[in-house]
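Structure assessment
This is what each chain is made of:
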Amino acid sequence: MTKKIDKSGNALVFGWCTLALIVFGVIIAIRVRLLGIPLERDEGEYAYAGQLMLQGIPPYKLAYSMKFPGTCAAYALIMSIFGQTILGIHMGLLLTNAATTVLIFFVGRRLINATAGIAGAMSYAVLSVSPFVLGLAAHATHFVVVSVLGGTLLLLDESGRQRLGRLFASGLIFGLSVLMKQPAVFFVVFAAIYLVCNDVQRRFTLKRILLRSLIFGGGVILPFGIAFLLLWRADVFGKFWFWAIDYAGQYGTLVPISKALEIFLHRVKEVIGAGWAIWVLAGIGAGVGLVDKSIRASTVLLLGLLLFSTLALCPGFYFRYHYFILVLPAVSLLVGIAITKLSDLLTGHMILVRFVPLVVLGTSLSLPILWEKKVFFGVSPVDACRMIYPDNPFAESVKIADYLREHTSRDDTIAVLGSEPEIYFYAQRHSATGYIYTYGLMEPQKYTRQMQEEMIHEIERAHPKYLVSVVMFYSWLWRPASDRLIFSWADEYTAQSYKAAGFVSMTSEEADYFFGDVPSSVESLENRILIYQRNP
């Protein structure tokens, strides 16, 4: 009987290892095959700012952003190792995603068991590669979740010898997550609540609870102190404060709360998509975990993580697709609970029956991969980019930047009228203006006219050798009531000081490039990019 049990257990272990190897192998193959997918505009922003940092130019000097500088610094680190290329950036993303997957395994094993850890890790690997969370792009949310999970693991394991040291390190990592993206502050609140509740449950004295909370808080604050000091010494703290605090506050109030639920539910439906079976398993895991006394505390912790992850989606009520990466760790670990309880339920049955959890999980994980098989396996990285981001010039920006780099020197500046910072990164040329995004110029907020006038002044002062005009809705997001000053100025300025040197016409499937031979009339085209060269 003992030998039979041993053989059964060994077969299950082999089955789990085989499924894990298949899932992780497929996900790595997908990411490696699509390493060359062109950068989208958020990646372009981080890449350009990181490129400037590697040149010794601080954030917010030549590239204005409402985001904290952590992700730009992460990009700079990645590019210093793997190179300032698309492949280098996405190699960094691949490793970051792999580290997140490993951390989910350890958190799941710590809270439940190894089965929950490996099931959660596989679920996250599949969910986080989905085009519906823009998982192939190195968004800040990827760097947030790896930091949050690292801090959480230290918080869960801080019962060893170096308790206070682990506590401080946990706070430090949570602080880094907020430097990556401001909404990560909700994860800090989650960690602080867990720490205090856990200390109260362990019957610590009030003095000890306060001391431990201060140590954790000190770790959280330290990265901010260092970052703010460096920005102040670089003489860009004023710009940082305006963009990351003042303007960000305006940006966060543009969507009325009355529309929040409608936007949220629409996005949730799209994000779940073909991965519905995984999300159903997560729901089952939450339910059975609350019923089972042995794992109720861990389930409550994960539901708390899910709650605060959801709150991190909410600032501004935009609910953009890549924001949902923040909830995937909690969802994945709840899947781990469901699979674990199913495995426990079938313990003692014949070996074929005990393989049911593997079949259920494997089938659930295969559905979203098969649904997106054309993107993952069927088309080139450039075509995959066009499929994921229709009506955006991300693929075309590569050729445009190549032309600009070949026709300028390193001392020349260029300007892009539109929100395409990836062009600056590819061209390896400095921007004539810090306005690498133009969305703020179209928004109904109190700084709109000030921003437009400042951008105009900076471009006129630099008088760039080339000016790129992106006439595409998603590069501006103009509204009927948007201030049109920047457009009327651009028409006059280019007519007086520039000549047409290039033109790109775009459709949903392809683009036509004209360099040096621009068609006489292009105004009727919906999506177009004009390249202007400064008159001698």
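The text that follows walks through the structure, step by step, so that each part is easy to find. (Residues numbered from 1 in each chain as written. Predicted model: local features only at pLDDT ≥ 70, side-chain atom pairs only at ≥ 80, totals over all residues. Heavy atoms only, no water.)

Moving on: the overall build of the protein. Helix and strand content of the protein: 22 helices and 6 strands. Its C-alpha atoms give the protein principal-axis dimensions of roughly 90 × 55 × 45 Å. Going through the 536 residues of the protein one by one, you find that 53% of them count as buried. Nonlocal contacts in the protein, meaning residues at least 24 apart in sequence, comprise 75% of its contacts between residues at least 6 apart. Only carbon and sulfur atoms are counted for the fraction: they give 64% of the accessible area of the protein, which is about 23600 Å². (Helix = DSSP H or I, 4+ residues; strand = E, 2+ residues; numbered from the N terminus. Buried < 20%, exposed > 50% of the residue type's maximum accessible area, 1.4 Å probe, protein only. Contact = heavy atoms within 4.5 Å. Areas by Shrake-Rupley, 256 points an atom, 1.4 Å probe, with all protein chains shown as cover.)

Attention shifts here to the nonpolar core. In this structure, Met122, Phe187, Leu361, Leu404 and Ile486 are the most contacted members of the largest nonpolar core, which totals 169 residues. With 10 residues, helix H6 (residues 140-156) is the single largest residue contributor to this core. Apart from the residues within four sequence positions on either side, Leu361 is in contact with Trp16, Leu19, Ala119, Met122, Ser123, Leu281, Val335 and Ile339. (Core = buried A, V, L, I, M, F, W, Y, C linked by side-chain atoms within 4.5 Å.)

The next point concerns the sheet that holds strand S2 (residues 430-431). Read from one edge to the other, the open sheet built from 6 strands follows the order S2-S1-S3-S6-S4-S5, with strand pairing classed as mixed. Whereas interior strands pair on both sides, the edge strands pair on one side only; in this sheet they are S2 and strand S5 (511-515). As paired strands, strand S3 (residues 466-471) and strand S6 (residues 528-534) are joined by 6 bridges and run antiparallel to one another. Paired with Tyr466 across the bridge in S6 is Gln533. Set on the sheet, helix H19 (residues 394-406) makes contact with strand S1 (413-417), S3, strand S4 (498-506), S5 and S6; between it and S5 the angle comes to about 10°. (Pairing = 2+ DSSP bridges. Axes fitted to C-alpha atoms, helices over the stretch in contact; angles between N-to-C directions.)

The subject of this paragraph is the packing of helix H18 (residues 381-388) against H19. How two helices sit against one another is set out by the angle between their axes and by the gap between those axes. Where H18 contacts H19, the two axes come as close as 8 Å, and the packing angle between them is 130°. One way to sum up the angle between H18 and H19 is to call them oblique. Side by side, H18 and H19 meet where Val382, Cys385 and Arg386 of the first sit next to Phe394, Ala395 and Glu396 of the second. (Parallel < 35°, antiparallel > 145°, perpendicular 65-115°, else oblique.)

Note that Ser469 resides in strand S3. With a relative accessible area of 16%, Ser469 lands in the buried category. Beyond its immediate chain neighbours, meaning those up to four positions away, Ser469 contacts Leu417, Arg528, Ile529, Leu530 and Tyr532.

As a further point, take the pairing of S4. In terms of residue burial, S4 counts as a mostly covered element, since 7 of its 9 residues are buried. Sheet topology places S4 next to S6; 7 bridges connect them, and they run antiparallel. Residue Phe503 lies in a different strand from S6, and its bridge partner there is Leu530. Pairing of S4 with S5, which is carried by 5 bridges, proceeds in the antiparallel orientation. Opposite Val504, over in S5, you have Tyr513 as the bridge partner.

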